[in-house]
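Coordinate analysis (summary)
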Amino acid sequence: LVFLYIYFSDLCTNKMTHSSFDFRIGSLNVRGINKHSKRLSIFNWSKSKQFDIMLLQETFSAEQDEQLWRTEWEGPCFFAHDSNHSRGVAVLVRKGFDFDPIDIYRDANGRFIIIKSLVQGNSMYIVNIYAPNLNAEKSRFFKGLHDELKLGFHTSVKLKTLYNKLKKKYNG
């Protein structure tokens, strides 16, 4: 189960802004990209689709992969890892795209990453989540996500609203 959530706000006043922007974002469950040929194929496909921001789930990545993957992608990359056999999410940004990360919150289990950023001068949160598939696990995951967000990443009302929407949708 994969979620993409982008929230636009004024980072100083926490009010919604209505600025104009133009960018392409893609999301793909890659089911592991440890093999060089598969990884390059995914990276080339993403570039051919002209995505400015690409969200990947199930990367099966580890910290030691980061530098090589950044070099191959040829742009900024942000990761949350589990192991080279499971989970992992990544946010890849096209080289030269107007993207300025302000704060990054990574899940230690490789299930999500939240990037508070300026994109083309607009403040926003980019959230890439790879949630569990089973309902019982999903419920615990979203409860844990909510608790972690309260403790570890100041996002005020915005991510709480996301949590409540996802909880209602997937927990009845």
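Everything below is about the structure shown above.
This text gives an overview of the structure that appears in the document. Owing to the predicted nature of the structure, the values given are computational and were not obtained by experimental measurement. (Residues numbered from 1 in each chain as written. Predicted model: local features only at pLDDT ≥ 70, side-chain atom pairs only at ≥ 80, totals over all residues. Heavy atoms only, no water.)

1. Observations regarding the packing of aromatic side chains
Applying the stated rule across the entire model yields eight aromatic pairs. Judged by centre distance (5.1 Å) and plane angle (70 degrees), the ring pair of Phe141 and Phe142 falls under edge-to-face. Phe142 carries the same exposure label as Phe141, and that label is buried. Through a chain of ring-to-ring contacts, three or more aromatic side chains come together here, namely Tyr105, Phe112, Phe141 and Phe142. It is Lys47 that lies over the ring of Trp73; its NZ or CZ is 5.4 Å from the centre. (Phe/Tyr/Trp six-rings, centres within 6.5 Å; stacked < 30°, edge-to-face > 60°. Buried < 20%, exposed > 50% of the residue type's maximum accessible area, 1.4 Å probe, protein only. Lys NZ or Arg CZ within 6 Å of the ring centre and 35° of its normal.)

2. Observations regarding the pairing of strand β7 (residues 112–119)
Every other side chain in a regular strand lies on the same face of the sheet, so the side chains alternate between the two faces. Most of β7 is tucked away, with seven of its eight residues classed as buried. Summarising the sheet, strand β6 (residues 99–106) and β7 pair through seven bridges and their orientation is antiparallel. Paired with Asp100 across the two strands is Leu118, which belongs to β7. Remark: five residues form the turn of the hairpin made by β6 and β7, two consecutive strands paired antiparallel; Gly110 in that turn has positive phi of roughly 70 degrees. The hairpin turn running from β7 into strand β8 (residues 122–130), its antiparallel successor, is two residues long, and Gln120 in that turn takes a positive phi close to 55 degrees. (Helix = DSSP H or I, 4+ residues; strand = E, 2+ residues; numbered from the N terminus. Pairing = 2+ DSSP bridges.)

3. Side note on unusual backbone geometry
Phi angles above zero are rare outside glycine, and Glu58 is one such case at about 55 degrees. Here the phi dihedral of Arg87 falls at roughly 50 degrees; this positive angle occurs in a residue that is not glycine. Note that Arg87 resides in the loop between β4 (77–80) and β5 (89–93). Owing to a relative accessible area of 28%, Arg87 belongs among the partly exposed residues under this scheme.

4. Some remarks on the side chain of Glu72
Mapped onto the fold, Glu72 is located in helix α2 (residues 66–73). Residue Glu72 is classed as buried on the basis of its relative accessible area of 14%. At 2.5 Å, the side chain of Glu72 and the side chain of Arg39 are in polar contact. In this view, Glu72 contacts His36, Arg39, Leu40, Phe43 and Lys47; residues no more than four positions away in its chain are not counted. (Polar contact = N/O pair within 3.5 Å; in protein donor to acceptor, adjacent residues only side chain to side chain. Contact = heavy atoms within 4.5 Å.)

5. Description of α2
Among all positions of α2, only Glu66, Trp69, Glu72 and Trp73 are buried. Considered in projection along α2, the buried side chains sweep an arc of 130 degrees and stay on one side of the axis. The exposed set on the far side of α2, more than 90 degrees from its buried face, consists of Gln67 and Thr71. Turning to α2, the residues buried within the fold contact α1 (36–48), β3 (53–57), β4 and β5. Residue Glu74 follows α2 closely and has a positive phi angle near 65 degrees. (Arc of directions from axis to C-beta.)

6. Side note on the nonpolar core
If you look at the biggest cluster of nonpolar residues, it comprises 16 residues, and the most contacted ones within it are Ile53, Val91 and Phe99. Broken down by secondary-structure element, the contributors of at least two residues to this core are β3, β4, β5, β7 and β8. Once residues within four sequence positions are removed from consideration, Phe99 is found in contact with Ile53, Phe78, Val93, Ile115, Ser117, Leu118, Val119 and Ile126. Of all hydrophobic cores here, the second largest spans 13 residues; its members include Ile33, Ile42, Met54 and Leu92. (Core = buried A, V, L, I, M, F, W, Y, C linked by side-chain atoms within 4.5 Å.)

7. Section: the pattern of salt bridges
In total, this model carries five salt bridges according to the counting rule given. A salt bridge links Lys47 to Glu74; the nearest nitrogen and oxygen atoms lie 3.3 Å apart. With Lys47 in helix α1 and Glu74 in the loop between α2 and β4, the pair connects residues that are 27 residues apart, well separated along the chain. A relative accessible area of 31% means that Lys47 is categorised as partly exposed. (Salt bridge = Lys/Arg side-chain N within 4 Å of Asp/Glu carboxyl O.)

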